[in-house]
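One letter stands for each residue in the lines below.
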Amino acid sequence: MINRLLYIFLLLLSFFLYSCGEKGDSSGALVSADQISYNFHVRPILSDNCFACHGPDANKREAGLRLDTEEGAYAALKETPNAHAIVPGNPSKSEVVKRLESTDDSERMPPPSSNLKLSDEEKEVIKKWISKGAKYEPHWAFVPPKKADLPKTQHNDWVKNEIDYFISQKLTQIGLAPNEPAEKLHLLKRLSFDLTGLPPSLEVIKAFKQDKEEGALERVIDTLLEDPAFGERMAVLWMDISRYSDSYGYQDDNIRTQWPYRDWVIHSFNRNLPYDEFITWQLAGDLLPDPSKEQILATAFNRNHKYTEEGGVIEEEYRVEYNVDKTNTFTKAILGMTVECAQCHDHKYDPISQKNYFQFYAFFNNTPEKGYEGDVSVSKPAKTPIMWIERDDLGDVLSFVNHQDTSKIMVSVMEDFRDTLRQTFILDRGMYDAPTVEVSPSTPEAILAFDEGKYPKNRLGLAKWTMSPENPLTARVFVNLMWQELFGVGIVKSAGDYGMQGDLPTHPELLDWLAVDFMESGWDVKRLIKKIVSSATYQQSAKVTKQKLAKDPDNTYLSWSPRIRLSAEHIRDMVLASSGLLVREIGGPSVKPYQPEGLWEASTSGRGELAIYRQDKGDNLYRRGLYTFIKLTSPPPKPIIFDGSNRDLCEVTRGRTNTPLQALAMLNDPLVLEASRVLAVQLKENHGGQTHEALEEAFTRIICRTPKKEEFELLEEFYKEELERFKAEPKEMLSTLQVGEIPLEDNMKTPETAALMQVVVAIYNLEEAITRT
């Protein structure tokens, strides 16, 4: 049995070291004995998930050998009392090392039958760790971050700020060097999309090309951070996190009016509300002393989950379900912990017990929220407790809410009972009707004990605990989210899971340095983002060599700038902005753009206001993707095709797929075709018969750079081919131009317009058009 356990251990060790060898963290050639860390080099092997396996032998395995704890690893082996799996400071007496180095096939680990073999370097990592005392440590994410000294670098001429020292150190370890700076216009496009979600205008491109003075790039960054579009760009992420939607979900899926909360999020990012206040208001704005309506509106964050309006449901079942959603959203979005399984049982891998889970749950369990307020026939656009927004509010504290008429708005917000305290119980297997032991609001000691003398036992106390400088997770999680937004992948890839099953940080010292710096700055979000985009790491080119692909195929260590496909919302925004169709109105109710017929009708119960899709007209067709109406049972198709969140649950990371449907959408989407026709008309008006100038402007608007000679020749050739085709087929020409709601003047119904439109469609379908490079 011990042989089998050591085999499992060494098998997983081999896999881990192979994986980490690519990342440069666990290779014996790269890590000295003093650098070897239990958290970052050993713990993934020894963690209890390796041995606490499911199945009939689970208990026997655990009783036989535990390498995830000091007690288990240091203890005498059950079947061989004089032997120990690990003897701190003495590799030669450690059974693990003996099996690694054995020449006896019956003893050697991994055995020959596994077809696996550990390299000398891989064996050396374990031996070094044991020789240095085989020290165990708390899980890295539960230790408060510290600001390490900046490492030395061999790239002194390259570094621009503190970030680059940490990146340079890892690149040197794996034998790579960073790239040269990106070309000016590439960097302008990158910054514009990353900070506003929009392409730079022709005027901005021209001005930046001509600005040769020192500090030109910093001025661009400052301008973009102050652009109102910055708040809209940031809100896309936060809408995924807060699971924002415009309907209630479940079968009837009727309309709700939570959009003023979205306006608040945009406003908060634009005015750079400190992150500690941003979170405190959302968790417990209603519990602050003499709260304003703005602070209460922020608590709509907790109320964006689904609500049932189906008859015959059990109210308490759904009330519990809503609180479970609040608990899961808080822990995943703000703490970076996946605790859902602890609703039913103690967490299998992380130190989160079922008691801990319901102690978190208890913070959200003292509200007059109801599980059921009637079926869809008596539906209203908000659920108890409700905040009313009136005209007086819009001229004062809620002036940022974009409401165009005199009607009142209802928003679902938070409120606690003031004179009573609802009891909270651990629910057996998480079932609403199976209460067991009573618990009170508290937090897991493994993360940070809840100081009852310091914090009130309500959501405001939870918010203060969350934003405490002693909390090891909050700053790390948000800093990592910002890194993810700007580099495509976080320093911790599993941005919503910092537990034992989550990914290790690729640059732990950098993550901690940024987290501490963020807190020291007063939780200044714009400063954090400016710090990242001002780094040489961010500003390097996206060129990649065979050597870099061979040593770091996933660009884990950022020796080049990653190419990132735009999000679904920003693909739409790019098309609208580059064609001149974009309506730059901030906030307001969600809009219903073009979408295929019958989607809502196919998924509806036939009841409620959203049984039929009624497409908007006029300016509402040309709003940013952030404002597209989200119906939970039938989310908008194009965002889903491009990996948008369906908003059912909190999501902190979107996938990025590459499918034929995406190409078909870009070729056939009515918005892309209409934008191409509208831009073609503008180009004809601007340049008359000057085809060269028209094609150059179209390319520059969409791709954000001047076309190369060979690119221009291809575009011109395609234009001539399409022109001849449309001259020969006037009906096809008219059919091509008849797309979209914006009328076309008769004098523009020409083969030249149609041919130019087709060239624009082709440019929109270039990979570079929807890729931030």
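The rules behind each value
Residues numbered from 1 in each chain as written. Predicted model: local features only at pLDDT ≥ 70, side-chain atom pairs only at ≥ 80, totals over all residues. Heavy atoms only, no water. Helix = DSSP H or I, 4+ residues; strand = E, 2+ residues; numbered from the N terminus. Rg over C-alpha atoms; globule rule 2.2 N^0.38 Å. Buried < 20%, exposed > 50% of the residue type's maximum accessible area, 1.4 Å probe, protein only. Contact = heavy atoms within 4.5 Å. Areas by Shrake-Rupley, 256 points an atom, 1.4 Å probe, with all protein chains shown as cover. Domains from an automatic or database assignment. Buried area = accessible area lost by both parts, 1.4 Å probe. Salt bridge = Lys/Arg side-chain N within 4 Å of Asp/Glu carboxyl O. Polar contact = N/O pair within 3.5 Å; in protein donor to acceptor, adjacent residues only side chain to side chain. Phe/Tyr/Trp six-rings, centres within 6.5 Å; stacked < 30°, edge-to-face > 60°. Core = buried A, V, L, I, M, F, W, Y, C linked by side-chain atoms within 4.5 Å. Disulfide = S-S within 2.5 Å. Patch = residues over 30% accessible without salt bridge, like charges linked within 9 Å, V, L, I, M, F, W, Y side chains within 5 Å. Lys, Arg positive; Asp, Glu negative; His and termini not counted. Charge placed at Lys NZ, Arg CZ, Asp CG, Glu CD. Axes fitted to C-alpha atoms, helices over the stretch in contact; angles between N-to-C directions. Parallel < 35°, antiparallel > 145°, perpendicular 65-115°, else oblique. Left-handed = near helix turned anticlockwise from the far one by under 90°. Nonpolar A, V, L, I, M, F, W, Y, C, P; charged D, E, K, R; others polar.

Here the focus is the overall build of the protein. Tallying secondary structure elements over the protein gives 32 helices and six strands in all. Taken against the 2.2 N^0.38 rule, which gives 28 Å for 773 residues, the C-alpha radius of gyration of the protein at 29 Å falls within 12% of a compact globule. A principal-axis box enclosing the C-alpha atoms of the protein has dimensions of 95 × 65 × 50 Å. Out of the 773 residues in the protein, the part that is buried amounts to 57%. Sequence separation of 24 or more characterises 71% of the internal contacts of the protein that already satisfy a separation of 6 or more. When the accessible surface of the protein is split by element, carbon and sulfur atoms take 50% of a total near 32100 Å².

Assigned domains within the protein: domain 1 (2-138), domain 2 (162-181 + 473-551), domain 3 (184-226), domain 4 (230-467), domain 5 (566-656) and domain 6 (668-772). One C-alpha centre belongs to domain 3, the other to domain 5, and the line joining them spans 28 Å. Listed as interface residues are five residues of domain 3 and, on the opposing side, nine residues of domain 5. Together domain 3 and domain 5 conceal approximately 480 Å² of surface at their shared face, both sides included; 76% is due to carbon and sulfur atoms. The interface formed by domain 3 and domain 5 holds zero salt bridges in total. Between domain 3 and domain 5 we count one residue pair in polar contact (both at pLDDT 80 or more) in total.

Turning to the packing of aromatic side chains, a few remarks are in order. Taken as a whole and assessed by the stated rule, the structure comprises 30 aromatic pairs. Ring centres 5.8 Å apart and planes at 40 degrees place the aromatic pair Trp140 and Tyr498 in the tilted group. Within this pair, whereas Trp140 is found in the loop between α6 (120-131) and α7 (162-173), its partner Tyr498 is found in the loop between α19 (474-487) and α20 (508-520), the two being separated by 358 residues in sequence. Across this residue pair, the class does not change: Trp140 and Tyr498 are buried. An aromatic cluster is defined as three or more aromatic residues linked by ring pairs; in this entry it consists of Trp238, Tyr261, Trp264, Phe269, Tyr275, Phe278, Trp281, Phe301, Phe478, Phe518 and Trp523.

Counting 129 residues, the largest nonpolar core has Trp238, Trp264, Tyr275, Trp465, Trp483 and Ile529 as the members making the most contacts within it. Examining the composition of this core, we find that nine residues originate from one element, α19, more than from any other. Setting aside residues up to four positions removed in sequence, Ile529 forms contacts with Leu195, Leu225, Phe230, Met234, Met482 and Leu486. Grouped together as the second largest cluster of nonpolar side chains are 54 residues, Tyr622, Ala698, Leu723 and Leu756 included.

Tallied over the entire structure, the rule returns zero disulfides. Cys344 takes part in no disulfide bond, and the closest cysteine sulfur to it belongs to Cys341, at a distance of 8.3 Å.

On to a negative patch on the surface, then. On the surface, Glu710, Glu713, Glu717 and Glu721 cluster together to form a negatively charged patch. By the secondary structure assignment, Glu713 is in helix α30 (residues 709-728).

Note that side chains of opposite charge can pair when their charged atoms are close. For the structure shown, the criterion picks out 45 salt bridges. Residue Arg607 pairs with Asp252 through a salt bridge whose shortest N-O separation is 2.7 Å. With a gap of 355 residues between them, Arg607 in the loop between α25 (599-603) and α26 (637-641) and Asp252 in the loop between α11 (229-241) and α12 (259-270) connect regions that are remote in the sequence. Residue class for Arg607 comes out partly exposed when judged on its relative accessible area of 37%. Via salt bridges that share partners, Lys147, Asp517, Glu520 and Arg527 belong to a single interconnected network.

On to the packing of α12 against helix α13 (residues 275-284), then. Interaxial distance between α12 and α13 falls to 11 Å at its minimum, and their mutual angle equals 160 degrees. In terms of orientation, α12 and α13 fall into the roughly antiparallel class. In this structure, the crossing between α12 and α13 has a hand that is right-handed. Across the interface between the two elements, Tyr261, Trp264, Val265, Ser268 and Phe269 from α12 touch Phe278, Trp281 and Gln282 from α13. Residue composition of the contact of α12 with α13, grouped by class: six nonpolar, two polar and no charged.

Quick look at unusual backbone geometry now. The omega torsion of the bond from Thr384 to Pro385 falls at -5 degrees, within 30 degrees of zero and hence cis. Tracing the chain through its elements places Pro385 in the loop between α16 (354-363) and β1 (386-389). One non-glycine residue with positive phi stands out, namely Tyr250, at about 60 degrees. By the secondary structure assignment, Tyr250 is in the loop between α11 and α12. Of note, Asp643 is a non-glycine position whose phi angle comes to about 70 degrees, a positive value. With respect to the element layout, Asp643 can be found in the loop between α26 and α27 (660-668).

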